[in-house]
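# Residue-level structure breakdown
Here is what each chain is made of, one letter per residue.
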Amino acid sequence: MALTIRERWAVALAGLLLAGLLPTACSTPTAPNGDADPASRSGQPLQPNAKRVLRISAIPDQNPEKLNRLYGLVADELTEQLQVPVQFIPITDYTAAVTAFRTGDLDLVWFGGLTGVQAWLQKPGARALAQRDIDRSFHSVFIANPRSGLQPISSVEGLRELKGKRFTFGSESSTSGRLMPQFYLNEAGVQLSDFAGGAPGFSGSHDALIALVQSGTYEAGVVNEEVWLSRLREGKVTTDAVIPIWRTPGYANYTWVVQPDLDQQFGPGFTTKLEQAFVGLDGANPRQAQILELFGAERFVPASNDQYQAIEQVGRQIGKIR
Amino acid sequence: MADHGLERALLELRAIAVPGRRRPRLQGVSLVLRPGERVALLGPSGAGKSTLLAVANGLIPPSQGSVHWLGEPRGLTPHRLRRQQARIGTLWQDLRLVEELTVQQNLNAGRLAVWGWPRAVLNLLLPLDTEACTAALQRLDLDPQLLGQPVSALSGGQRQRVALARLLRQEALLLLADEPLASLDPRLADGLLDLLLAEAAAPRGLLLSLHRPDLAHRFDRVLGLRDGQLLFDLSPQQLERQQLAALYAGGAGP
Amino acid sequence: MRLPRPAAPLWVLLPALVLLPLLLLLPAISHGGGWGLVGDFAAAALRPSLEPLVLGSALEGLAITVAMALLGWAASLGLGLLLGVASSQLVWHTCGGVAWPAQLIRRLLALPRSIHELIWGLALLQLLGLQPLVAVLAIAIPFAALVARVVSDQLDALPVAALEGLRSAGARPAAALLTALGPPLLPQLLSYGGYRLECALRSATLLGVFGLGGLGTELRLTLQSLAFRELWTGLWLLLVAMLLLEQLLGGLRRRWAMPERLNLGRASVGHRGRELLLAGLALIPLLVILGWWIGIAPASDWRWQPLPPLAAADWPAVAALPWARLVGNTVLMTLLAAALAVGLAPLLLLLAQPWGWTRWLLQGLWALGRLWPPPLTALLLLFVLQPGVLTGALALGFHNLGVLGRLLLESNDHGQRGAEQALSCAGTGPRMALLYGRFSGLARPYLAYGAYRTDVILRESVVVGLVGATGLGSQLMEALSAFATDELLALLLAYALLTLVGEELSDRLRRQLRGGARPLSPGPAAATALPLLQG
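Residues numbered from 1 in each chain as written. Chains lettered and ligands numbered in written order. Predicted model: local features only at pLDDT ≥ 70, side-chain atom pairs only at ≥ 80, totals over all residues. Heavy atoms only, no water.

Right, let's get into the overall build of chain A. Each helix and strand counted, chain A has eleven helices and eleven strands in total. Within the span of chain A, comprising 322 residues, buried residues form 61% of the whole. Of all intrachain contacts in chain A linking residues separated by at least 6 positions in sequence, the fraction that spans at least 24 positions is 76%. In the structure as shown, chain A presents an accessible area of about 12400 Å², 51% of it carried by carbon and sulfur atoms. (Helix = DSSP H or I, 4+ residues; strand = E, 2+ residues; numbered from the N terminus. Buried < 20%, exposed > 50% of the residue type's maximum accessible area, 1.4 Å probe, protein only. Contact = heavy atoms within 4.5 Å. Areas by Shrake-Rupley, 256 points an atom, 1.4 Å probe, with all protein chains shown as cover.)

Our focus in this paragraph is the interface of chain B and chain C. Each partner contributes to the interface: chain B provides 29 residues, whereas chain C provides 28 residues. In this assembly, chain B packs against chain C so that about 2500 Å² is buried in total across both faces, 70% of it on carbon and sulfur atoms. Considering only the side of chain B, the residues that lose the most area to chain C are Glu 100, Trp 117 and Leu 124 of chain B, jointly responsible for 26% of the buried surface there. Counting across the interface, chain B meets chain C through zero salt bridges. Our count for the contact surface shared by chain B and chain C stands at four residue pairs in polar contact (both at pLDDT 80 or more). If you list the elements that add at least two residues to the side of chain B that touches chain C, you get α2 (78-85), α3 (103-109), α4 (117-122) and α6 (156-170) of chain B. Of the residues forming the side of chain B that touches chain C, the biggest block, three residues, is contributed by α4 of chain B. Per-class residue counts for the side of chain B that touches chain C are 18 nonpolar, six polar and five charged. (Buried area = accessible area lost by both parts, 1.4 Å probe. Salt bridge = Lys/Arg side-chain N within 4 Å of Asp/Glu carboxyl O. Polar contact = N/O pair within 3.5 Å; in protein donor to acceptor, adjacent residues only side chain to side chain. Nonpolar A, V, L, I, M, F, W, Y, C, P; charged D, E, K, R; others polar.)

Residue and element names in this part refer to chain B. Spatial ordering of the open sheet is given by β6-β7-β8-β3-β9-β10, a layout of six strands whose pairing is mixed. Edge positions in the open sheet fall to β6 (88-91) and β10 (229-234), since each of these has one partner strand only. Each strand axis lies, on average, 20° off the axis of its neighbour in the sheet, ignoring direction. Judged from the five bridges that link them, strand β3 (residues 38-42) and strand β8 (residues 205-210) form a sheet pairing that is parallel. Looking at β8, one finds that Val 39 is bridged to Leu 207. Helix α1 (residues 49-57) rests against β3, β6, β7 (174-178), β8 and β9 (221-226) of the sheet, and its axis sits at about 150° to β7. (Pairing = 2+ DSSP bridges. Axes fitted to C-alpha atoms, helices over the stretch in contact; angles between N-to-C directions.)

Attention now moves to the pattern of salt bridges. Tallied over the entire structure, the rule returns 42 salt bridges over all chains. Close ionic contact of Arg 132 of chain A with Asp 135 of chain A constitutes a salt bridge, the shortest N to O distance being 2.8 Å. Given a relative accessible area of 0%, Asp 135 of chain A falls into the buried group. Between Glu 503 of chain C and Arg 113 of chain C there is a salt bridge; the shortest N-O distance is 2.4 Å. With Glu 503 of chain C in helix α23 (residues 485-515) and Arg 113 of chain C in helix α6 (residues 100-114), the pair connects residues that are 390 residues apart, well separated along the chain. With a relative accessible area of 6%, Arg 113 of chain C lands in the buried category. A cluster of three or more residues bridged by salt bridges with shared partners is formed by Arg 106, Arg 113, Arg 149, Asp 153, Glu 503, Asp 507 and Arg 510 of chain C.

For the rest of this paragraph, the subject is the side chain of Arg 169 of chain B. All names here are of chain B. Along the chain, Arg 169 falls in helix α6. Only 3.0 Å separates the side chain of Arg 169 from the side chain of Asp 129, close enough to count as a polar contact. Not counting the four nearest positions on each side in its chain, Arg 169 is found in contact with Leu 107, Asn 108, Arg 111, Trp 115, Asp 129, Ala 132, Cys 133 and Ala 136.

What follows covers the confidence of the model for chain B. On average, chain B scores 85 in pLDDT, and the residues at 70 or more come to 95%. Within the model, the stretch residues 1-5 of chain B combines pLDDT values under 50 with six contacts to residues more than four positions away or in other chains. (pLDDT = per-residue confidence, 0-100.)

The next point concerns the confidence of the model for chain A. All names here are of chain A. Scored by pLDDT, chain A comes out at a mean of 82, with 84% of its residues at no less than 70. Strand β5 (residues 140-144) holds the highest mean pLDDT among the elements of chain A, 96, whereas helix α1 (residues 2-27) holds the lowest, 40. Low confidence marks residues 1-50, where pLDDT is under 50. Its contacts with residues over four positions away, or in another chain, come to 78 contacts.

For the rest of this paragraph, the subject is the environment of Leu 235 of chain C. All names here are of chain C. Considering the arrangement of structural elements, one finds Leu 235 in helix α12 (residues 228-255). For Leu 235, a relative accessible area of 0% gives the class buried. Each C-alpha atom, one on Leu 235 and one on Glu 218, is 9.9 Å from the other, the two residues being 17 residues apart in sequence. With sequence-adjacent residues up to four places away left out, Leu 235 is seen in contact with Leu 219, Leu 371 and Trp 372.

Taking 1.5 Å per residue as the helical rise, helix α8 (residues 132-157) of chain C with its 26 residues ought to reach 38 Å, and the 38 Å between its terminal C-alpha atoms agrees with that figure. Most of α8 of chain C is tucked away, with 23 of its 26 residues classed as buried. (Expected span 1.5 Å × (residues − 1).)

All names here are of chain A. Within the open sheet, the six strands sit side by side as β2-β1-β3-β10-β4-β11. Their pairing is mixed. A strand with exactly one partner marks an edge of an open sheet, and here the two such strands are β2 (86-88) and β11 (300-302). Neighbour-to-neighbour, the strand axes of this sheet turn through a mean angle of 25°, independent of strand direction. Inspection of the sheet shows strand β1 (residues 54-58) paired to β2 by three bridges, in the parallel sense. Its bridge partner lying in β2, Ile 56 is registered against Phe 88.

So, about the pairing of strand β10 (residues 255-258) of chain A. All names here are of chain A. Of the two faces of β10, the one holding Thr 255 and Val 257 and the one holding Trp 256 and Val 258 are both buried throughout. Here strand β3 (residues 108-111) pairs with β10 via four bridges, running antiparallel. Counterpart to Leu 108 in the pairing with β10 is Val 258. Across three bridges, the pairing between strand β4 (residues 127-132) and β10 is antiparallel. Residue Arg 127 lies in a different strand from β10, and its bridge partner there is Val 258.

What follows is the structure, given as C-alpha cells:
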C-alpha cells in the first residue's frame, strides 16, 4: 500500500514538474542558427530581423497559383538586378498584408489603392514606388449572371437595378472590388442593406468572384477590369455566362509601396535602384516580358502618394479609413 | 404441476455452448422448462448461472446448440427475436429500472415491445394506462400513490417490487431472475421469493438462480451448474447431500 | 387536467424542435445558384489532387498547424496550472489564510477567457507582426485561462480531509497541498488536457484560415480559388491527423484510467506513473524541436511593434452603430446553432441506432463537422444560401454537432447500459431502448454540457463574421479591415460583456441541471469530475 502512495506521489510531482517546464521549453531558443537560410523555408511564416533578405509580398487579389508564379519571377528579377536575396511571402488577406507591412515584416508590397493608403498612413514615410501604366486610370466592371435578368446600363443611376439582387464584392479592402464600386453604388442611392439577404457577400479574390457570379451563387458582382479582360482573353470566362453591365469611371489603383528605411538597411540609393528596376522592365527581355504580361501591363511608371488623395477621400467617406 | 405431458414447453435449450476467455462459459447444456414449472438454478460463483439466464433471455446468442421458444426456434431475424423476447421477463440483480422516470413510466416501459412510437413518446409526456399500472402495483402490495414518484426516490424493497411489477405489465410468460435474493435481508428475501413463486403459476414459468441451497425445497425442480456444465436436474426431493457437496466442492464455495 | 410534462429522455430531443422553423425558413434564404459548385466540391472529395507539389505543401502546412497546436497547448497547460493554483481559494486559504486574492485573480481571468483565440490572434498580429509565435500565443492565452478555471474549480471541490490531516500533523502548507491534492487532481487534469489538445488542433486550423499560417491558410486559399481537388488534399490530411490524435488520446485516456467527460466515474492514474512521466519527458524535446522548426526565436520575436498612429476616436459614430441589431443577431445565431447541435446529435443517433453501418456514417459526418472550420463551411454554404444569421448558425451548428455527437457516442461506449439492455432483452426495439434506457441517464449531464457548449458557440460566433450580417462578428471584420481602433475596442468590449453574461447564465443552468443529477456511479470522484464538463 505504501508503494502505491509513493507512486502516486511520484506521478503528481512529475506532472507538476512537467507542466512547469513546458512554457520554458517552448520559448527557449535551442538552435543557435535560429534564422538560418530563409530561402530554405519559403512558404513558412516569415522570419523577422533577417534583414539581408528583401521580403516582398502582394495583396491576395488573384488565384494564389498565379501570384506565386508571378512574384517568383519578380523575386528572381530583383535578385539579379539588385544583388540581394529576395523572398516572396504569400499572404491570405488584405488586412494582414497592411499589418505585416506596418510591423516591418514586409519590405515591398504590391498594394491596391485603399490598402496602399492604409499602409502609408500607418507607416509614416512609406511611399508609393511604381505602378503599371493602367493603374493611373483604373476601372471596375459590374458583372452579372444572365439568368438574373440584369441588362447593361448606361449611367451610374442604373445601378439601382441591383437592389434586391444577390450581390458580391471582392475583398473587404479591395479598391476595385469594393471601395470604388461602393462609392458609385452610394452615388446611385444603393445601400449595402438593399441587397438580397440584407448584405453583400465578400468573395475574396477577383477570380473567385467571377466564378461565383458565373455559377449563379451571386446574381451580380463587381470586378477589377484588368482581371476581367485578361480572363476574357484567356477564354476562362465567356460573355454568354457572365455579362458586363457597367464600367466605372477611372481612378488610381495598384502600386508598389516601399518601407521608408531601405536605404539604411541595404545601402544608399537602394530605393531608387528598386524604382529603376520596375520602371526599366522591358518587353524585349524574355523574363521581363513575362512579368509585364502576367501583370497585364505595357510598362511600369513611377508613382507618388499624391495620386491617391481621391481614394483616401472615398475611403474616409465609406469608413474604411479613419 | 408435474404434468409433463403434451403441454408445449416454454423454453427449450439444446446442447448450448458459449465460449469464454479461458474456458467455455457454458458447455452442452440442455433443459426444458414447461408452463407452471418453478426451477431453481444452483451453482458456485462463476459456474455460468448468469450466462445461462442471458442465453435464455436472448442477450447472449449461443455459439452452439439451439434455443426454442414455445416450440419455435429462437428468432433468426431481429424482429422475430424481439417478438419472442417480449414474453420473457428478466428480474435483474441490479433491477435496471430507469431511475429518472416515474414508477408509472417504468411500468409502462414493460409494454414498449408491443407499443408503437406514438404511445412510447406519449408515455414520456402523460401518465398512461393508470388502471393497469395501479393493478400491477396493488397485486404486489404497493401503494398506487407511488405511480407518480421517480424511481430514484424509492426504497430498496419498493424498487424490487416495481421491477417485478414491470414484468407483470410486460405480461411475461417466462420469468427469469438472476440471484434476486442476494442483496436482501432475510425478511425481504422471503417476501420476494413468495411473490415470485406465486406469480409463476401456470401458464407462466420461473427460472431463478440462487445462492442458497436451503431454499431449494420450495421449487419444483433444481438444476446444478458447475464449470458451465449441468451436473443434475432433479426434483428437490431427489436432491441428495452428496450432490450438493459435489456441486460446491473445491474451494469455489457458495 | 394536468399539462404534459416531458420526462428526461425527451429533454435531449427538445432542442431539435428548432429544426421546424429552420426548415420553414430555409427555402426563403436558399437560392440554389451554386449547386453546380457544390457538386464539384463533393465530387472532388473522391479525387483529391495527389500532385507532389500540392501534397508537399499541404503536408508542410499540416506540420506547421500541428506544431502551433502542440506548442500553444503545452504553454496553456503550464500557464493554466500555475494560474489555476493561484486562483484557488483553498490554496490561498492554506498558505496565507485569506481567500480574496483568489477571487480577484479569478475575476481577472474571465477577460482573456471571454475573448476568442481568433481575436487574440488578430490583436497579437498587430503587436508582434506576422510570425508563428502569434498563433501559438493566441491559443495559449485563452486556453490557459480556461485551464486555470477548471484547475481552481477542481481544487476547491476536492475533499479537504486529507489536507486537514496533514496540516494538523504539522506539514508545511505547500507540501501538504501537493501531497493531499496532487494525486486526485492529476487524472482529471490529464484527461482535460487531452481534450484541450484536440481543441488546440481545431483552433490552430482556424487561425490558419485567417492567415496565421499552416494548413488553414492553404484551405482558405484553395477554397477561394475554387480549387476543390487541392482543397480536399488538405482536408483529407487534416482528417487523418485529427482522427489519429483523437484515437491516441482516447487510448492514453483508457490506459491511464482517466475519466471521460460525461462518464463521471472514479479515476486514478494508478500504476502507470512511470510511463506517464516518460511520456511527459519525451514531449519536451519534441516541443523544443517543433518550436525551432516553425521558427520561434524569442530573442527576436519579442519585438514590440509600435501601434499605428491612431486617428482621433469618433465615439459618437461608434455609439451610432446598430447595437441592438448586432447583439440580437449574435445571440440569435448562437442560440440557433446551439439548439441545432445539441438537439440534432441525439436525434441522429436515435435514427441511426438500429444499423451498424449508419453509425459509421454518423461518425464520418461528425468527424467532418469537427474538422471543417466554421468559416469555411459558411463560405461553402454561401454557394447555395444567402448570407446572414441562418447561414452562420448552420455553419456553427454543423461544427459543434461534430463535437457533441462524438461526446454522445463516447458516452455510449463507456456509459452504463444496464437499463437499455434490460429493455432490449424484453423485446423493446433498439431505438426505444436507446430513448428510454440511455437518454434518461444522459439527459442531465448532456444538457449541462450543451449549456457549456452554447457558451463556446457564443464566443465562436465571431469566426463566421465572414458571411456577412451575422451580428458583432461581421462588424468586427469590417472594423478590422478599416483599422478602426475605436470601433474595434467597443466591439470587443461588447463581445466580452456578452460572453460573460452568457457564461453566468449557462453556469446557472448547469448548476440547476446538476442539482438533480444522479451520479452515474457512486464515489466521491463523481462530484469532482463535474468541472470536466467545462471542456
